[in-house]
Amino acid sequence: MADMTDPRLDNQAWSNVLVQALPYFRHWVGKIVVVKYGGNAMLNEELKKDVMEDIVLLNTVGIHVVLVHGGGPEINHMLERVGKESKFVNGLRYTDAETMEIVQMVLTGKLNKDIVGILLQEGGRAVGLSGVDSGLLRAKKISKDGADLGFVGEVTEVHPEIIQSLLDQGFIPVVSTVALGEQGDMARYNINADTAAAKIAVALKAEKFVQLTNVPGVLRDINDPSSLIQRIHIADVQKFIDDGTIAGGMIPKIECCMLARNGGVPRTHIIDGRVPHSLLIEMFSDRGIGTMIY
């Protein structure tokens, strides 16, 4: 979206922006969009404000937005403050009982309410939830190559009724990804926010699933932002993994897009959360932004 306060834009340019956006407004009104929020957009205060403004605008025009967030950097910071040493097993954080208490405190007690507060200040109507509330997310304990990871889980069930109820009343649900164990297991589990967001999108029959990241999207050349691949057919994903185009931390993000797409979500996207108002650009312009898995 163009900056409507930019003096270089004349009236014709302003009207062109609005006319271009109108069909998208019509298409998205009444639809559910699940946004996974994290990365630099969560750490930079100015970008954080931009994201919240975007979400309030979407909600105001009648688009049902569900915001799912992680909080790895904040968890690391709190562990350092309390003198808790981080332990990793095969590249994944080992989450003992004490660490799990800190994870739950940071995600559901601090970050979730901080985000809700900003949305309210921007004029939105937001409600904070965790995966424990109303049994939204159930999870089972997982291991990595047979190694114990403590209270790290994967989502086995999503019960989205509480989210749907809030959406029906015009609220913006903000979900932190701490899950309750399966029936008979009262433990809390730390779960991957990207995967949880994808599964929530499937359960809600969302029209769109968007991951805000710290990269422009999938690049043919990781050192060249202009080499962005704007669209990838789901059948071509493995080819790009095999030739190294999709590698490292991009692989799990693409896998989450595939999870949502295979679950019936028509549009899945990885977009650059470092770009101001990237969500509006993706939603309401012909140019779009980032990489779409279709």
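Residues numbered from 1 in each chain as written. Predicted model: local features only at pLDDT ≥ 70, side-chain atom pairs only at ≥ 80, totals over all residues. Heavy atoms only, no water.

Quick notes on the sheet that holds strand β1 (residues 32-37)
Here is step 1: The sheet built from 8 strands is open, its strands ordered β5-β8-β2-β1-β11-β13-β14-β12 with mixed pairing. The open sheet has two free edges, formed respectively by β5 (126-130) and β12 (231-232), since each of these has just one partner strand.
Here is step 2: Taken together, the 3 bridges between strand β2 (residues 64-69) and strand β8 (residues 172-176) define a ladder with parallel strand orientation. For H69, the partnering residue across the bridge sits in β8 and is S176.
Here is step 3: The strands touched by helix α9 (residues 250-262) are β11 (208-213), β13 (267-272) and β14 (291-293); relative to β13, the strand with the most contacts, the crossing angle is about 155 degrees. (Pairing = 2+ DSSP bridges. Helix = DSSP H or I, 4+ residues; strand = E, 2+ residues; numbered from the N terminus. Contact = heavy atoms within 4.5 Å. Axes fitted to C-alpha atoms, helices over the stretch in contact; angles between N-to-C directions.)

Focus on the layout of surface pockets
Here is step 1: Computed from the structure, the largest pocket encloses a volume of approximately 1,200 Å³.
Here is step 2: As for the largest pocket, its lining consists of 43 residues, and the residues nearest its centre are L92, I191, N192, A193 and D194.
Here is step 3: Classifying every residue of the lining of the largest pocket gives 18 nonpolar, 17 polar and 8 charged.
Here is step 4: A volume near 310 Å³ is recorded for the second largest pocket.
Here is step 5: Forming the boundary of the second largest pocket are 18 residues, of which H269, E282, S285, G288 and M292 lie nearest the centre.
Here is step 6: At the level of elements, α1 (11-28), β13, α10 (278-284) and β14 are the ones that each hand at least two residues to the lining of the second largest pocket.
Here is step 7: For the lining of the second largest pocket, the leading source of residues is α1, giving 3 residues.
Here is step 8: Its residues assigned to classes, the lining of the second largest pocket comprises 5 nonpolar, 7 polar and 6 charged. (1 Å grid on protein atoms, 1.4 Å probe; cavity = no way out; pocket = protein on both sides within 12 Å on 5 of 7 lines; lining within 4 Å. Points joined across faces, edges and corners; volume = space filled by probe spheres on them. Nonpolar A, V, L, I, M, F, W, Y, C, P; charged D, E, K, R; others polar.)

Here's the deal with the packing of helix α4 (residues 72-81) against helix α5 (residues 97-121)
Here is step 1: Their axes nearest at 10 Å, the elements α4 and α5 cross at an angle of 125 degrees. Between α4 and α5, the crossing angle belongs to the class labelled oblique. In this structure, α4 crosses over α5, and the sense of that crossing is right-handed. From α4, E74, I75, M78 and L79 reach across to α5, where they touch T99, I102, V103, M105, V106, L107, K110 and L111. (Parallel < 35°, antiparallel > 145°, perpendicular 65-115°, else oblique. Left-handed = near helix turned anticlockwise from the far one by under 90°.)

Let's talk about the environment of I270
Here is step 1: With respect to the secondary-structure elements, I270 resides in strand β13.
Here is step 2: Taking the C-alpha atoms as reference, I270 lies 18 Å from N223; in sequence the two are 47 residues apart.
Here is step 3: Excluding its chain neighbours within four sequence positions, the residues that come into contact with I270 are Q211, T213, P216, G217, M250, K253, I254, C257, G290 and T291.

Some remarks on the packing of helix α3 (residues 45-60) against α5
Here is step 1: In the contact formed by α3 and α5, the axes pass within 9 Å of each other and the chain directions differ by 60 degrees. As α3 packs across α5, the resulting crossing turns out to be right-handed. For the pair α3 and α5, contact is made by K48, M52, I55 and V56 and by I115, I118 and L119, respectively.
Here is step 2: Along the lines of polarity and charge, the residues of the contact of α3 with α5 split into 6 nonpolar, no polar and 1 charged.

From the geometry alone we can't say anything about function, so treat these as descriptive.
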